[in-house]
Amino acid sequence: MLEDTEWLSDLAFFTDLLCHMNNLNVKMQGKNQFIDDIWAHLKAFKLKLNLFAGQLAKNDLSHFSRLNSIPSANEEKLKNYEDGLKKTVF
């Protein structure tokens, strides 16, 4: 599996995405968080997902460092990732 570039690009994408989700999780765990603070973090993350989808549409991997390190991430894969991000926006 470590030689399968499609599998590696999927792994890299999901690793990058989980890193962004972990950052959101950490922000929401702070002490003295009011519901409006948590809601603001969620809205900001939703905007980030839209930003990420737009960047993937332009083959911009600046927020996906692990995916960027895979030399053969093709446009079809990036389109699938973009579509997936668009579906997750709530």
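Here, every reference points to the structure presented above.
Let me begin by describing the structure that accompanies this report. Position labels on residues start from 1 in each chain and follow its written sequence. Residue-level local features of this predicted model are given only where pLDDT is at least 70; pairs of side-chain atoms are given and counted only at 80 or more, and the full residue set underlies all totals for whole chains, interfaces and linings. With hydrogens and water set aside, each side-chain value is computed from the structure's full complement of heavy atoms.

What follows concerns the side chain of lysine 77. Looking at the secondary structure, you find lysine 77 in helix 4 (residues 75–88). Two residues qualify as a contact provided that any one of their heavy atoms is within 4.5 Å of a heavy atom in the partner residue. If we skip the residues at most four places from it in the chain, lysine 77 touches Glu6, Ser9 and Asp10. Segments assigned H or I by DSSP are reported as helices when at least four residues long, segments assigned E as strands when at least two residues long, and all are numbered from the N terminus.

The subject of this paragraph is the pattern of salt bridges. Opposite charge on two side chains permits them to pair, given that their charged atoms come into close proximity. We define a salt bridge as a contact between a side-chain nitrogen of Lys or Arg and a carboxyl oxygen of Asp or Glu at a distance within 4 Å. Enumeration according to the criterion identifies five salt bridges in this entry. Residue lysine 77 is joined to glutamate 6 by a salt bridge in which the shortest nitrogen-to-oxygen separation is 4.0 Å. Of this pair, lysine 77 sits in helix 4 while glutamate 6 sits in helix 1 (residues 5–28), and the two are 71 residues apart along the sequence. Take lysine 77: its relative accessible area is 12%, and that puts it in the buried class. The partner of lysine 86 in a salt bridge is glutamate 82, with the nearest N and O atoms 2.9 Å apart. Relative accessibility under 20% of the residue-type maximum defines a buried residue, over 50% an exposed one, and the middle range a partly exposed one, all with a 1.4 Å probe and only protein chains included.

There is a patch of nonpolar side chains on the surface, built from Met1, Leu2, Trp7 and Leu11 and spanning about 460 Å² of accessible area. Tracing the backbone shows tryptophan 7 in helix 1. A relative accessible area of 30% places tryptophan 7 in the partly exposed class. Patch definition: residues above 30% relative accessible area lacking any salt bridge, with like charges linked at up to 9 Å and the nonpolar side chains Val, Leu, Ile, Met, Phe, Trp and Tyr linked at up to 5 Å. All accessible-area figures derive from a Shrake-Rupley calculation using a 1.4 Å probe, and residue coverage is judged against the displayed protein chains alone.

A pair of Phe, Tyr and Trp rings is counted when the ring centres sit within 6.5 Å of each other, with Trp represented by its six-membered ring. The angle between the planes then sorts it: under 30 degrees is stacked, over 60 is edge-to-face, the rest tilted. Scanning the entire structure with this criterion turns up four aromatic pairs. Note on phenylalanine 13 and phenylalanine 64: the rings are 5.5 Å apart at their centroids and 25 degrees apart in plane angle, and the pair reads as stacked. Of this pair, phenylalanine 13 sits in helix 1 while phenylalanine 64 sits in the loop between helix 2 (35–57) and helix 3 (65–68), placing them 51 residues apart in sequence. Residue class for phenylalanine 13 comes out buried when judged on its relative accessible area of 4%. Of the residues examined, phenylalanine 64 reaches a relative accessible area of 0% and is grouped as buried. Taking 4.1 Å as the distance between ring centres and 5 degrees as the angle between the ring planes, the aromatic pair formed by phenylalanine 13 and tyrosine 81 counts as stacked. Of this pair, phenylalanine 13 sits in helix 1 while tyrosine 81 sits in helix 4, and the two are 68 residues apart along the sequence. There is no split in this pair, since phenylalanine 13 and tyrosine 81 are both buried. By the ring-pair criterion, three or more aromatic residues cluster together here, those being Phe13, Phe14, Phe52, Phe64 and Tyr81.

Let's shift gears to unusual backbone geometry. For asparagine 32, which is not a glycine, the phi torsion comes out positive at approximately 55 degrees. By secondary structure assignment, the location of asparagine 32 is in the loop between helix 1 and helix 2. A positive phi angle, near 60 degrees, is found at asparagine 59, a position not held by glycine. Mapped onto the elements of the fold, asparagine 59 is located in the loop between helix 2 and helix 3.

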